[in-house]
Amino acid sequence: MDTLVIEKSGIGGQAGITQTLDNFPGFDEGISGSRFCRAFEQAGAQIWSGTPASTGSNRDQRDGQYHIVQTSSGRRYHSKAILLTSGARYRRMDIPGEDELIGINVHFCATCDGAFYKGKKVLVVGGGNSGFEEGLFLTRFAAQVDIIVNSQEPKASRILQNKVAEKENMRVLLNHNIKELRGKNKLESVIVEDKNKNESKELNYDGVFVFIGLTPNNDLLKGTANLDQWGFVKTEYMMTSVPGIFAAGDVRAGSTKQAASAAGEGASAALAIREYLKTIGE
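Below, the structure is looked at part by part. Keep in mind the model is a prediction, meaning the values are calculated, not measured. (Residues numbered from 1 in each chain as written. Predicted model: local features only at pLDDT ≥ 70, side-chain atom pairs only at ≥ 80, totals over all residues. Heavy atoms only, no water.)

This part is about unusual backbone geometry. Its identity is not glycine, yet Asn-175 carries a phi of approximately 55 degrees, on the positive side. Mapped onto the elements of the fold, Asn-175 is located in the loop between β11 (170–173) and β12 (176–182). The exposure class of Asn-175 is buried, given its relative accessible area of 9%. (Helix = DSSP H or I, 4+ residues; strand = E, 2+ residues; numbered from the N terminus. Buried < 20%, exposed > 50% of the residue type's maximum accessible area, 1.4 Å probe, protein only.)

Here is the structure:
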């Protein structure tokens, strides 16, 4: 099959900017995100990066039996099958003070912005794998890294919890909820709720890194394909409710949000596309 990959930014998405993937089969010592994404070189496909598909321009547009994808440059591509692997983006906290400080002292990528906090104190929001992984990475720069978790127990893997516990300059605040960020043009303090004591605290940090889940990048299918209540794309045998349009990875409802399973879903979707093309006489 002739295959074109259209990527709006750097190849690899979240995996590409992750400092280390510790849980991908075959790499027992971990592998950097940039090195991992060299797997694209094996694909044998034409890859165009930095070329986003313009939002909504391909909503169920058809030319006979072809779907049409239009990019922001105005180019139009016709294909009998499309595989959407657009992933997801980091969710925001939606608390007072967040919007004003994003890009100043509120960040969503430790690899991108961690170096700005050399010798400083930072707070990581989120008790999952991403929060613990990025928190560990931040210890390369920050003098102190605290992780705030809004439940009694973190959701991060035991391996990551053990790594954090071994770090003298890391602390985990369990059953705490971040309520507000204070400061004009600079973070001055963080207001958190200690749910154990039912009281509020004012804490001082130089920066906040947020890893509290994902919002699917589903713009190209909004109003076209069936989505679940969180906006992830529903599929049956990897195909969406629109014949000929498939989805795999983090954008898909029911996916595990893990790199290994996303790779497997991509392979499954490719096989499903092959069978679909047979049914329509390709």
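All right, on to the packing of aromatic side chains then. A complete count under the given rule lists six aromatic pairs for this structure. Taking the centre distance of 6.3 Å and the plane angle of 45 degrees together, the rings of Phe-24 and Phe-27 count as tilted. Taken together, the ring pairs in this structure connect Phe-24, Phe-27 and Phe-36 into an aromatic cluster. Between the NZ or CZ atom of Lys-121 and the centre of the ring of Tyr-205, over which it lies, the distance is 4.9 Å. (Phe/Tyr/Trp six-rings, centres within 6.5 Å; stacked < 30°, edge-to-face > 60°. Lys NZ or Arg CZ within 6 Å of the ring centre and 35° of its normal.)

Another point: the packing of helix α5 (residues 129–138) against helix α6 (residues 158–165). As a packed pair, α5 and α6 sit with axes 10 Å apart at the nearest point and diverge in direction by 35 degrees. For the pair α5 and α6, the crossing hand works out as left-handed. Two secondary-structure elements touch here, α5 through Asn-129, Phe-132, Glu-133 and Leu-136 and α6 through Leu-160, Gln-161, Lys-163 and Val-164. In terms of residue class, the contact of α5 with α6 is made up of four nonpolar, two polar and two charged. (Axes fitted to C-alpha atoms, helices over the stretch in contact; angles between N-to-C directions. Left-handed = near helix turned anticlockwise from the far one by under 90°. Contact = heavy atoms within 4.5 Å. Nonpolar A, V, L, I, M, F, W, Y, C, P; charged D, E, K, R; others polar.)

So, on to α6. Buried residues of α6: Leu-160, Gln-161 and Val-164, and no others. Considered in projection along α6, the buried side chains sweep an arc of 100 degrees and stay on one side of the axis. Seen from the open side of α6, the exposed residues pointing more than 90 degrees away from its buried face are Arg-158, Ile-159 and Ala-165. On the buried face of α6, the contacting elements are α5, β10 (144–148) and β11. (Arc of directions from axis to C-beta.)

With 39 residues, the main nonpolar core has Leu-123, Ile-178, Leu-181, Val-190, Val-208 and Phe-209 as its most contacted residues. Leaving out residues up to four positions away in the same chain, Val-190 has contacts with Leu-123, Ile-178, Glu-180, Leu-181, Lys-201, Glu-202, Leu-203, Tyr-205 and Val-208. Leu-220, Ala-225, Val-242 and Ala-247 belong to the second-largest nonpolar core, a separate cluster that totals 12 residues. (Core = buried A, V, L, I, M, F, W, Y, C linked by side-chain atoms within 4.5 Å.)

Successive side chains on a regular strand alternate, one facing one side of the sheet and the next facing the other. In terms of burial, β10 is a largely internal element, four of the five residues being buried. One crossover worth recording links strand β9 (residues 121–125) to the parallel β10 by way of α5, and it is right-handed. Bridge analysis of β10 against β11 gives four bridges, and the strand direction is parallel. Paired with Ile-147 across the bridge in β11 is Val-172. (Right-handed = clockwise from strand over helix to strand, strands pointing away. Pairing = 2+ DSSP bridges.)

For the rest of this paragraph, the subject is the sheet that holds strand β14 (residues 199–203). If you walk across this open sheet you meet the three strands as β12-β13-β14, and the pairing is antiparallel. The sheet is open, and its two borders are formed by β12 and β14, each paired with just one other strand. Ignoring strand direction, the axes of neighbouring strands in this sheet form an average angle of 25 degrees. In this structure, strand β13 (residues 189–194) lies alongside β14, joined through five bridges in antiparallel fashion. Among the inter-strand pairings, Glu-193 is bridged to a residue of β14, identified as Ser-200.

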